[in-house]
Amino acid sequence: MSTDTEEQLRAGAIEPDAANVGEAGPDAAGPAGVAAAADAPDAPAVKGVQTLSMAKAITAGLREALRGDDRVLLMGEDIGPLGGVFRVTEGLQAEFGEHRVLDSPLAESGIVGTAIGLAMRGYRPVLEIQFDGFIFPAFDQITTQLSRMTLRHEGRISMPIVIRVPYGGHIGSIEHHQESPEAYFAHTPGLRVVSPSSPHDAYWMIQEAIASNDPVIFFEPKSRYWPKGPVDLDHSGVPLHSSRVIRSGTDVTVVGHGAMISTLLQAADIAAGEGTSLEVVDLRSLSPIDYGPLLESVHRTGRLVVAQEAYGSVSVGSEIAATVAERAFYALEAPVLRVSSFDTPFPPAALETEYLPSPDRVLEAVDRALAY
Amino acid sequence: MQLLTPQGELRPSPEAEAYLPLIEALGDDALEQFYRDMTVSRRIDVTGANLQRQGQLALWVPSLGQEAAQVGSARAARPQDHIFPSYREHIAGMIRGLDPVRIFALLRGATLGGWNPDEVGNFHLYTLVLASQTLHSTGYAMGIRFDGACGTGDPETDAAVLVYYGDGATSQGDASEALVFASSYQTPQVFFVQNNQWAISVPVSRQSRSPLGLRGGGFGMPSLRIDGNDVLVSYAASRVALEEARAGEGPTFIEALTYRMGAHTTADDPTKYRTDDEVGYWAERDPISRYRTWLESRGASAEFFASADEEAADVASDVRKRALELTAPTREKIFEHVYSEAHPLMVEQAAWLDAYENGFEGGAA
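Residues numbered from 1 in each chain as written. Chains lettered and ligands numbered in written order. Predicted model: local features only at pLDDT ≥ 70, side-chain atom pairs only at ≥ 80, totals over all residues.

- If you look chain A up in an unreviewed UniProt entry, it shows as Pyruvate dehydrogenase E1 component beta subunit from Agromyces terreus.
- What UniProt records for chain A under Cofactor (unreviewed entry) is the sentence "thiamine diphosphate". (UniProt positions renumbered as here; feature names shortened; annotations may be inferred.)

### Digging into the overall build of chain B
Step number 1: If you tally the helices and strands in chain B, you get 13 helices and seven strands.
Step number 2: Since a compact globule built from 365 residues should have a radius of gyration of about 21 Å, the 22 Å found for chain B is in line with a globular shape.
Step number 3: Seen through its principal axes, chain B has C-alpha atoms that stretch 75 × 50 × 40 Å.
Step number 4: Taken across its 365 residues, chain B has 50% of its residues classed as buried.
Step number 5: Looking at chain B alone, contacts between residues at least 24 apart form 76% of all its contacts between residues at least 6 apart. (Helix = DSSP H or I, 4+ residues; strand = E, 2+ residues; numbered from the N terminus. Rg over C-alpha atoms; globule rule 2.2 N^0.38 Å. Buried ≥ 20, exposed ≤ 12 C-beta atoms within 10 Å, placed from the backbone. Contact = placed C-beta atoms within 7 Å.)

### Focus on the pairing of strand β2 (residues 161-166) of chain B
All names here are of chain B.
Step number 1: Among the six residues of β2, six are classified as buried, and the element is accordingly described as predominantly covered.
Step number 2: Residues of β2 alternate between two faces, with Val-161, Val-163 and Tyr-165 on one and Leu-162, Tyr-164 and Gly-166 on the opposite face, all of them buried.
Step number 3: In this structure, strand β1 (residues 82-84) lies alongside β2, joined through three bridges in parallel fashion. Bridge pairing in β2 links Ile-83 to Leu-162.
Step number 4: In this sheet, strand β3 (residues 189-195) lies alongside β2 in parallel orientation, the contact comprising six bridges. Note on β3: the bridge partner recorded for Gly-166 is Gln-194.
Step number 5: In terms of handedness, the path from β2 via helix α7 (residues 173-184) over to β3 forms a crossover that is right-handed. (Pairing = 2+ DSSP bridges. Right-handed = clockwise from strand over helix to strand, strands pointing away.)

Structure (structure tokens):
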């Protein structure tokens, strides 16, 4: 693969057609490529690069997990014949059967609570919560039971449960369908919390989350479900809980996760046109947070803007601002600034563009940081 | 449903007549074991309450008065069955092989769990958030079904799940969701509700306007109401329901009518909300004295009762001694096992706490 493609892949910024410039080529990405690999058993099976939406990349990741371990099962509302309201599980029940892909009763606490029992029995349940705002009926089971079960059992059992949660705004939907509740879970000991920003990361991170023996809350940025990007089916890149620099720059570091990465990359493009160089860090993991690449970046740029769709107060962004201030105080030329939604419930969708951080809101903070 | 009247006569109610052969098939040893179990349970309760009063336990959760409900149902389970308790089923745990000192360790603040279910007859950990365990047990039972570990016809391997909760917990959403999932997936499971009449200070009439024994019917499963102070019917009804569950015939709901003779916990004062008359009514229905009367009528000897009392006193005195010897866990326990896999914050914070404690003059322990 060319260096250019690699960079674009990491950034998740590659256009669908551009994926074909990779050395794998368009044919290798399709079924023909897979078949060719199967015909040559002595050669390592190269699956190549496919162009997928994030939704379909997660489908592909779930399929790999279901194939790889018969204790993996999917459970959620409408995930069977319908394939989930976002079609992420489309075709999986037909392929793996009703005992591997379960349409559950419509009860979130029941989904998580029974998954705990299934995990005690040796299963690796992957749960779908239909929308961000509907996770709260399960909040008790997640925070008082799931997150503590391994501790309570003194490590004798583990809780390899993944809870997939489509989250975030930009889809113009009704109340409880556009929220960003990740801080509640990142605040809870015993859980791991991650969020991919690109189809490539989504494909690999869902498989790594399922392989984890700890419970993982897997936040899927639903506004990024449909744009396509390249997925390297052979190489994962960095481990699940790593953050990484996805665009190098020199003047200001901007950090975010999930759908915010797309906003930050747009902001970086605009800033570049105005002569300001932004370094973009994709957090990827919200618990634990991998501060290494972020602190290195801040040591280079001396300025940090944290951006998120969630409410700003007592948020993941607050935690990053505090930690960077503690650990990189002498490297900072300006206070760490936060760009968030407002501390109000998500407004009627007609107001969402004014509510959610935009590239311009990010750049306004960048300007303030540079003014110090 | 009742087999044994409060006066200690074996006189089945019409619906319970079918259970008689199960009782007749029990030998003297099994029948006497019920008595021994109930006596131990009551003696442990006294010990626990005393230790709490002496400042040795943060709390004691008594099961005084509920011995028959617990002993009969727990003795009905087979070794391969799984039991998910609430937090009051001490004797059920002991029947499965749990050392009661593990319960004392939990209530003394030495552990958060305290035992390994695999080593104590699949008796799972206590759950303090009401009705949470109903869903865990249902998920476990779903797993048994998916694994094909019930309904094969092999009584040695077919397994079922028995879950305990109380009248108060039936009001929790999780308790209803568990019944929905159990019914949908036809789990091999018995929901055993000990209706002890009081959820701390609130009577069962505030939890449910209709008898709890009807609760399972609305969810599409057999639903029974038994005299929970009758160890024989508790055993027989649980045994039949568990056998049906193991046979792949799905879940059963059982309400066992009993009474919490003591306080909810040692932090409670029941004289504020219930009358002496009510307590007196239930004292006349005591599970142990009625069973003793019946055993005596069958010819059990004075020596047997003396030996049962002695055994109970020995168990209680032994657990008291060992509970007082329990030591506080070391500070690494704060961080160990929060996660199954390595976690940077656990490493960092454990190291920080060590350095902090060791930074004092002479170092910390």
